[in-house]
Amino acid sequence: MEALRSQLSLRARRLVVKVGSGVLSAGSERLDLRTIRRLARELAGLKAEGREILLVSSGAILAGSERLALKARPASIELKQAAAAVGQSRLMRAWEEAFDKEGLAVAQVLLTREDLRDRRRYLNARNTASALLRLGVVPVINENDTVAVEEIRFGDNDVLSALAASLVGADLLVLLTDQDGLYDRDPRGDDRARLIPVVGSEKVQASTGRAGPRGTGGMESKVSAARMASSAGI
Ligand code: GLU
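Residues numbered from 1 in each chain as written. Predicted model: local features only at pLDDT ≥ 70, side-chain atom pairs only at ≥ 80, totals over all residues. Heavy atoms only, no water.

## Details of the overall build of the protein chain
Link 1 in the chain: The secondary structure content of the protein chain amounts to 10 helices and 5 strands.
Link 2 in the chain: Taking 17 Å as the expected radius of gyration for a compact globule of 234 residues, we find that the protein chain reaches 17 Å, a close match to that expectation.
Link 3 in the chain: Relative to its 234 residues, the protein chain shows a buried fraction of 47%.
Link 4 in the chain: The long-range share in the protein chain, meaning contacts at least 24 apart out of those at least 6 apart in sequence, stands at 71%.
Link 5 in the chain: Total accessible area computed for the protein chain in this model is approximately 12,300 Å², and 50% of it derives from carbon and sulfur atoms.
Link 6 in the chain: Side-chain charges in the protein chain split into 36 positive and 30 negative, and the spacing between the mean points of these groups amounts to 1 Å. (Helix = DSSP H or I, 4+ residues; strand = E, 2+ residues; numbered from the N terminus. Rg over C-alpha atoms; globule rule 2.2 N^0.38 Å. Buried < 20%, exposed > 50% of the residue type's maximum accessible area, 1.4 Å probe, protein only. Contact = heavy atoms within 4.5 Å. Areas by Shrake-Rupley, 256 points an atom, 1.4 Å probe, with all protein chains shown as cover. Lys, Arg positive; Asp, Glu negative; His and termini not counted. Charge placed at Lys NZ, Arg CZ, Asp CG, Glu CD.)

Quick look at the structure:
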């Protein structure tokens, strides 16, 4: 199974890679620019191998909270939306600067689930994504937090990344987290936790993995995103 997994990743030509706020903060209260640069370098490396990359990036609320000097992650939905509106341009600037260094252009793509439910908008989004990939651009996707709140409430873009992967017919969806993978129980503070390297069609119990302090996803929404993607053949 492990061998099958690495074979599949090697063969994948079109990849959607999702990074959440937990990864992008690297344990701090702000966007960690070193992490962003390192990721941009690694993704540029994959691109140089002839793969196409779409990035799904959270971190707008994080960057906005930093700019507004909020002491903690905002609690109300409106404040989260406001922080995201402030932070989105800062987030994009960070990605743009990092990818510029690799000689790659980025594009800001803000989506909502509603956009992908509506046939016409779905097709418009798909056409734009294909054109961007043809141009060699790295689309950086986030939820449009001003008009939608689903991902802020439940998923830190996990589900959005599965929808984006199926929108573009990706071969592989990679959900990066600050954990080594899926465990049979929450590894933070429980050393009996064992890593589950590969999940087949069996039911997995992932209700233990709540989100960290800076994200909203946790393992549960990652498992649902993985299920959604695999049922679309990804
Ligand atoms: N779209 C939000 C952001 O970029 C989702 C992250 C979250 O819920 O923490 O900040």
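Next comes the rest of the description.
## Observations regarding the packing of aromatic side chains
Link 1 in the chain: According to the stated counting rule, one finds 1 aromatic pair in the structure shown.
Link 2 in the chain: Here Trp95 and Phe99 contribute two aromatic rings whose centre-to-centre distance is 5.9 Å and whose plane-to-plane angle is 35°, an arrangement assigned as tilted. Of this pair, Trp95 and Phe99 both sit in helix α5 (residues 77-101), separated by 4 residues, roughly a single helical turn.
Link 3 in the chain: Trp95 sits in the buried class, given a relative accessible area of 0%.
Link 4 in the chain: When its relative accessible area of 1% is taken as the criterion, Phe99 is described as buried. (Phe/Tyr/Trp six-rings, centres within 6.5 Å; stacked < 30°, edge-to-face > 60°.)

## Notes on the pattern of salt bridges
Link 1 in the chain: For the coordinates displayed, the defined rule picks out 12 salt bridges.
Link 2 in the chain: With its nearest N and O atoms 3.0 Å apart, the salt bridge here joins Asp186 to Arg188.
Link 3 in the chain: Judged by its relative accessible area of 14%, Asp186 is buried.
Link 4 in the chain: Ionic contacts of the salt-bridge type, sharing partners, join the residues Arg13, Arg14 and Glu52 into one network. (Salt bridge = Lys/Arg side-chain N within 4 Å of Asp/Glu carboxyl O.)

## Considering the sheet that holds strand β3 (residues 106-111)
Link 1 in the chain: Here we have 5 strands laid out as an open sheet, ordered β3-β4-β2-β1-β5, and parallel in their pairing. Both outer strands of the open sheet, β3 and β5 (172-176), are each paired with one neighbouring strand and no more. On average, each strand axis in the sheet is tilted by 25° relative to the strand beside it, whichever way the strands run.
Link 2 in the chain: Of the pairings in the sheet, the one linking strand β1 (residues 14-19) to strand β2 (residues 52-57) comprises 6 bridges and is parallel in character. Among the inter-strand pairings, Val19 is bridged to a residue of β2, identified as Ser57.
Link 3 in the chain: The strands that α5 touches are β1, β2, β3 and β4 (138-143); relative to β3, the one it contacts most, it runs at about 150°. (Pairing = 2+ DSSP bridges. Axes fitted to C-alpha atoms, helices over the stretch in contact; angles between N-to-C directions.)

## Looking at the packing of helix α9 (residues 158-167) against helix α10 (residues 218-231)
Link 1 in the chain: Viewed as axis vectors pointing N to C, α9 and α10 meet at an angle of 15°, and their least axial separation amounts to 8 Å. Taken together, the axes of α9 and α10 are roughly parallel relative to one another. Remark: the crossing between α9 and α10 carries right-handed chirality. In this structure, α9 uses Asp158, Val159, Ala162 and Leu163 to contact α10, whose residues at the interface are Gly218, Ser221, Lys222, Ala225, Met228 and Ala229.
Link 2 in the chain: Counted by class, the contact of α9 with α10 contains 6 nonpolar, 2 polar and 2 charged residues. (Parallel < 35°, antiparallel > 145°, perpendicular 65-115°, else oblique. Left-handed = near helix turned anticlockwise from the far one by under 90°. Nonpolar A, V, L, I, M, F, W, Y, C, P; charged D, E, K, R; others polar.)

## Remarks on the environment of Glu78
Link 1 in the chain: In this structure, Glu78 sits in helix α5.
Link 2 in the chain: Glu78 sits in the exposed class, given a relative accessible area of 57%.
Link 3 in the chain: The sequence separation of Glu78 and Asp145 amounts to 67 residues, and the corresponding C-alpha distance is 9.6 Å.

## Focus on the nonpolar core
Among soluble globular proteins, nonpolar side chains are generally buried collectively.
Link 1 in the chain: With 32 residues, the main nonpolar core has Val19, Leu24, Leu31, Ile36, Leu55, Trp95 and Phe99 as its most contacted residues.
Link 2 in the chain: Breaking this core down by element, the ones donating at least two residues are β1, α2 (21-25), α3 (33-48), β2, α4 (60-67), α5 and β4.
Link 3 in the chain: When near neighbours in sequence (up to four residues on either side) are disregarded, Phe99 contacts Ala40, Leu43, Leu55, Leu104, Val106 and Val138.
Link 4 in the chain: Of all hydrophobic cores here, the second largest spans 27 residues; its members include Val16, Val109, Ile141 and Ala162. (Core = buried A, V, L, I, M, F, W, Y, C linked by side-chain atoms within 4.5 Å.)

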